[in-house]
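Okay, here's what each chain looks like letter by letter:
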Amino acid sequence: MADEATVKELVRGAYDMHIHSEPDVLPRKFNDIVLAEHAIEAGMAGVVLKSHYICTADRASLINQMFPQIRAFGGLVLNNSMGGMNPLAVDVAGRLGNKVVWFPTVDAENEVKNITGENNDGKPQPYWMTIARAMREKGIAGDPVRVIVDGKVTHEAIQCMEVIAEYDMILATGHIAPEEMLPVVKAARESKVNRVIITHPEFPATYLDQDQQRALGKYDVMFERCFTQPYTKKVEWETVYDNIRKIGPNSTILSTDLGQSTAPWVEEGLGMFIGNLLDNGFTPSEIETMSHSNAGQILGQLEPATA
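Predicted, not measured: the structure shown is a model, and the values here were computed from it.

K.L.:
Just checking my understanding: could you explain empty space enclosed by the protein for this structure?
P.N.:
Taking a probe equal in size to a water molecule and rolling it over the atoms shows the remaining empty space. With the rule as written, the count across this model stands at one cavity of 30 Å³ or more. Volume-wise, the largest cavity comes out at about 30 Å³. Every residue lining the largest cavity is listed: Met17, Val100, Trp102, Ala172, Ile197 and Glu224. Residue classes in the lining of the largest cavity are distributed as five nonpolar, no polar and one charged.

Next up, the structure:
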């Protein structure tokens, strides 16, 4: 059993790049202010605020003014509520100091069969599924947001990447299909995007095998491995451990993806994640790389280590 003091020390100074807080269209366990208070109490270094439906850059700015002890970062997800693959929304977010832009999640073409119930693999459904289905029932969900058409990355997606590059934001892949990730990452690099994150490669809709991860790793991406996937039994813990061992801690970012009303607090979930890793052979140094250094560097808060 991992030493509690060691776990707390590893939570201290960590970043969590994937947190769902209120205000949001779904009930959440905490709002931005309570999140900041908890993160400060735990000694965390920074948090990224994510909503599937609204930009959070303005909220992050206010949190930073209220709580200088921690850094909050804003995010934008390119779902239909933001106009889909909408470079104008990306530009406005960039002007607000936004940090992370996710390609579509709940409105990704890859998710349509899950939302309509055609994909019924028996795995637990994500928390946002009730809202996605309610909007579809109302007839206001909009068409699936496509990033690849006829085998090519769309013009709109390229425009969004160019704006992401202009403001030096992070591109995260969201819930696009596994087979779409490599052409999207290649296009991102061609568009001069400096920082790319592969969003939760253990999530069922975006699941990547190790060969796919290795192919993407050639483009200097980071793999964001989230606590909620194994915690909610969407994937086995051992799969996460094995992916980190085989793909490597140097390309892994630990996040929680927490905020669900019945889930643990962020610092609790991150501590459970860290404790499980310690119990399964990962060293404190490796965990610090994944929870402190890699996230801090991609967020522009830490300088890359030099040889």
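K.L.:
Looking at this structure, how should I read the sheet that holds strand S10 (residues 222-226)?
P.N.:
Working definition: the strands of a sheet are paired by backbone hydrogen bonds and lie parallel or antiparallel to each other. One open sheet holds the six strands; their spatial order is S4-S5-S8-S9-S10-S11, and the pairing between them is parallel. Every other strand in the sheet has two partners, leaving strand S4 (75-77) and strand S11 (252-255) as the edge strands with one partner each. Sheet twist, expressed as the average angle between the axes of neighbouring strands with direction ignored, equals 25°. Here two bridges tie strand S9 (residues 195-198) to S10, and the two strands are oriented parallel to one another. What sits directly across from isoleucine 197, in S10, is methionine 222. Packing against the sheet, helix H11 (residues 237-247) makes contact with S10 and S11, and its axis sits at approximately 160° to S10.

K.L.:
Before we go on, may I ask you to explain the packing of aromatic side chains in this structure?
P.N.:
The way to describe two aromatic rings as a pair is by their centre distance and the angle between their planes. Going through the model one piece at a time under the given rule, you end up with seven aromatic pairs. For the ring pair phenylalanine 30 and tryptophan 265, a centre distance of 5.7 Å and an interplane angle of 20° mean the geometry is stacked. In this pair, phenylalanine 30 is assigned in the loop between strand S1 (15-19) and helix H2 (32-42) and tryptophan 265 in the loop between S11 and helix H12 (266-279), connecting sequence segments 235 residues apart. When its relative accessible area of 2% is taken as the criterion, phenylalanine 30 is described as buried. Classification of tryptophan 265 by relative accessible area gives partly exposed; the value is 22%. Seen from their ring centres, tryptophan 237 and phenylalanine 273 are 5.8 Å apart, and the 65° between their planes marks the pair as edge-to-face. In this pair, tryptophan 237 sits in helix H11 while phenylalanine 273 sits in helix H12, placing the two residues 36 residues apart along the sequence.

K.L.:
Explain the state of the cysteines to me, please; I cannot follow it from the model alone.
P.N.:
Joining two cysteines, a disulfide is a covalent bond between their sulfur atoms. With the rule as written, the count across this model stands at zero disulfides. Considering cysteine sulfurs only, cysteine 55 is the nearest to cysteine 160, which forms no disulfide, with 13 Å between them. What makes cysteine 160 buried here is its relative accessible area of 0%.

K.L.:
How should the packing of helix H1 (residues 4-11) against H12 be read in this particular structure?
P.N.:
For any two helices packed against each other, one specifies the crossing angle of their axes together with the interaxial distance. At their nearest, the axes of H1 and H12 sit 9 Å apart, and the two run at 120° to each other. Taken together, the axis directions place H1 and H12 in an arrangement best described as oblique. For the pair H1 and H12, the sense of crossing is right-handed. Two secondary-structure elements touch here, H1 through Thr6, Val7, Leu10 and Val11 and H12 through Glu267, Leu270, Gly271, Ile274, Gly275 and Leu278. Taken together, the residues that form the contact of H1 with H12 break down as six nonpolar, three polar and one charged.

K.L.:
Is there a simple way to explain the sheet that holds S1 in this structure?
P.N.:
Strand order in the open sheet made by the three strands is S1-S2-S3, with parallel pairing throughout. The strands lining the two open edges of the sheet, one partner per strand, are S1 and strand S3 (71-73). For this sheet, the mean inter-axis angle between neighbouring strands, taken without regard to orientation, is 20°.

K.L.:
For this particular structure, what's the right way to read the environment of asparagine 250?
P.N.:
Along the chain, asparagine 250 falls in the loop between H11 and S11. A residue is classified by how much of its surface remains accessible, and asparagine 250, at 61% relative accessible area, is exposed. With 44 residues separating them in the primary sequence, asparagine 250 and asparagine 294 have C-alpha atoms 7.2 Å apart. If we skip the residues at most four places from it in the chain, asparagine 250 touches Met222, Thr289 and Asn294.

Conventions and cut-offs
- Residues numbered from 1 in each chain as written.
- Predicted model: local features only at pLDDT ≥ 70, side-chain atom pairs only at ≥ 80, totals over all residues.
- Heavy atoms only, no water.
- 1 Å grid on protein atoms, 1.4 Å probe; cavity = no way out; pocket = protein on both sides within 12 Å on 5 of 7 lines; lining within 4 Å.
- Points joined across faces, edges and corners; volume = space filled by probe spheres on them.
- Nonpolar A, V, L, I, M, F, W, Y, C, P; charged D, E, K, R; others polar.
- Pairing = 2+ DSSP bridges.
- Helix = DSSP H or I, 4+ residues; strand = E, 2+ residues; numbered from the N terminus.
- Axes fitted to C-alpha atoms, helices over the stretch in contact; angles between N-to-C directions.
- Contact = heavy atoms within 4.5 Å.
- Phe/Tyr/Trp six-rings, centres within 6.5 Å; stacked < 30°, edge-to-face > 60°.
- Buried < 20%, exposed > 50% of the residue type's maximum accessible area, 1.4 Å probe, protein only.
- Disulfide = S-S within 2.5 Å.
- Parallel < 35°, antiparallel > 145°, perpendicular 65-115°, else oblique.
- Left-handed = near helix turned anticlockwise from the far one by under 90°.

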